[in-house]
Structure formats: structure tokens, C-alpha cells
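# Architecture at a glance
Chain by chain, the residues run as shown.
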Amino acid sequence: MPQPSAPRKALGRPPRISREEIIETARRIVAEQGVDRLTMRRLAAEIGSTPMALYHHVRDKEELLVLLLDDYATRTLRRPELPAHPRERVIAATTAIHDALAACPWIVEVLTADDLMSTTALWFVEQIVDGLVECGLSPDRAVHGYRAIWYYTAGEIVVRTTAARRRADDDRATYREQVFADLDPSELPRLAQVADRWAPLTTEDTYQDGLRALLDGLLASR
């Protein structure tokens, strides 16, 4: 006698997901594998959902990156105690940005697109622009000054991070080190003079020195 077939299970609704879960999972993917590996399809697979379900919470990858920026700024970007002197306020605000981004360099990669930003971080931009105005720059020149400071800060982090990753992935002498080891003093006398110290000299943390020199140059045009 044939056995009755087992009742079919109802498929039911897919598990509910939250914006917080989306941000947390996206943050992990980016931190472990980089911004390029973050896609809506990949994110949905990690959460155990579908890309269509994600679109109920975030419009697209661009909005997701903005949410990540705000999430990181809210969690880690602390407003420092600002000095009274406007020049020192600029340095304090910029240094706070630099230190926060240096601890999470993938964010610099997102920010250098120059069209995405964290609204939470605008307080720091305000302090820098206001400090430059208080130092004697016009509002327009202060914005130009902020841009120069940001380019210097972002570039310093990108170059330092990329170089550190290169050294971690391969302990062989870099191409630059090989070239510097065989410089012709008659053609490049100054470089030959410091060739054996070039690598350690260029890995020293001189960010603060550069920032102060840049700021002095910007304010010299008052």
C-alpha cells in the first residue's frame, strides 16, 4: 500500500533584515577585501537575502558607501578640544581627521572620489575653513586652503598605506631600492649622497611638519 507523501513545507517569507545588519556586513566586506569587492549581490549573499530585499533599505552602492562613511565617523571621529588660536584650531581639526582615516584607509579611497562625504564629518571641515578665515583668508581662499590641506592629508595616507601593504606582501627589495643602490654620483650627486638612507628617511612620520609648512604657505598669501 503506497505511503502518503509528506506534506510540503511552506516556503514562507525570507528572513527580515535591518539597515544595521546591512551596514555591519558591508563594513566587514570592505575591511577584509576592499571597496571594489563590495557589491549589492555580494552583500545580499553574505546576509542570506536577495539584492531586491536590500533595495528596500538602500538605494544603491553609492548610498551604501555614504552610510558606511557616516557610520565610521559616528563611531570613531571624536571632536577634539580646540585651541583658541585659529591656526592651531586648523591643525587640531586636520590632525583628528588624519588620525581617524589613517586607522581605516579604505575610507580615503571612497572620499577621494570627491562626490561622496560624511555629513557627520562636516564639523571638522567647518573648523578648518573657519580657522583659515580667522587667520585672514577670504572665504573663497579658505575653501581653496581646505582643499590643499585635504589633498595633502589624503595623499599622505594613500601613499603610506600602499607602501606598507607592498612591504608586507613582499619582503624583497623594491625596484626603487634596487635603483637607488646603483646611482651614478656624477649624474645624480645629491640623490647618491642620501641613497643609503632614502628608505628610512621616506618612511619617517613627518605629517605634522608638512601640515604646518603647508599652512604657513597658505597664510603667507594674506
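Residues numbered from 1 in each chain as written. Predicted model: local features only at pLDDT ≥ 70, side-chain atom pairs only at ≥ 80, totals over all residues. Heavy atoms only, no water.

The name that an unreviewed UniProt entry assigns to the protein chain is TetR/AcrR family transcriptional regulator, with the source organism given as Streptomyces roseoverticillatus.

This part covers helix α12 (residues 207-219). The first and last C-alpha atoms of α12 sit 18 Å apart over 13 residues, in line with the 18 Å expected at 1.5 Å per residue. Buried within α12 are the following residues: Y207, L211, L215, L218 and L219. Viewed end-on, α12 has its buried residues packed into an arc of 95°, placing them on one side of the element. (Helix = DSSP H or I, 4+ residues; strand = E, 2+ residues; numbered from the N terminus. Expected span 1.5 Å × (residues − 1). Buried < 20%, exposed > 50% of the residue type's maximum accessible area, 1.4 Å probe, protein only. Arc of directions from axis to C-beta.)

Another point: the side chain of H98. Summarising the element assignment, H98 is placed in helix α5 (residues 86-102). Taking relative accessible area as the criterion, H98 reaches 8% and is therefore assigned buried. Ignoring anything within four residues of it in the chain, the contact list for H98 reads T153, E156, I157 and Y207. (Contact = heavy atoms within 4.5 Å.)

What follows concerns the nonpolar core. One finds L38, L43 and L132 to be the most contacted residues of the largest nonpolar core, which totals 52 residues. What L132 contacts, discounting residues up to four positions off in sequence, is V90, L137, A142, G145, Y146, I149, L215 and L219. (Core = buried A, V, L, I, M, F, W, Y, C linked by side-chain atoms within 4.5 Å.)

What follows covers the UniProt feature "DNA-binding region" (unreviewed entry) in the protein chain. Under the present numbering, the feature "DNA-binding region" (unreviewed entry) in UniProt falls on residues 39-58. What you have in residues 39-58 is 60% helix and 0% strand, and the ends, taken at the C-alpha atoms, are 12 Å apart. (UniProt positions renumbered as here; feature names shortened; annotations may be inferred.)

In this section: the packing of helix α1 (residues 19-33) against helix α2 (residues 40-47). Viewed as axis vectors pointing N to C, α1 and α2 meet at an angle of 115°, and their least axial separation amounts to 10 Å. Considering the angle they form, α1 stands roughly perpendicular to α2. Judged by the twist between their axes, the crossing of α1 over α2 is right-handed. Only R42, L43, E46 and I47 of α2 make contact with α1, whose side of the interface consists of E21, I22, T25, A26, R28, I29 and Q33. In terms of residue class, the contact of α1 with α2 is made up of five nonpolar, two polar and four charged. (Axes fitted to C-alpha atoms, helices over the stretch in contact; angles between N-to-C directions. Parallel < 35°, antiparallel > 145°, perpendicular 65-115°, else oblique. Left-handed = near helix turned anticlockwise from the far one by under 90°. Nonpolar A, V, L, I, M, F, W, Y, C, P; charged D, E, K, R; others polar.)

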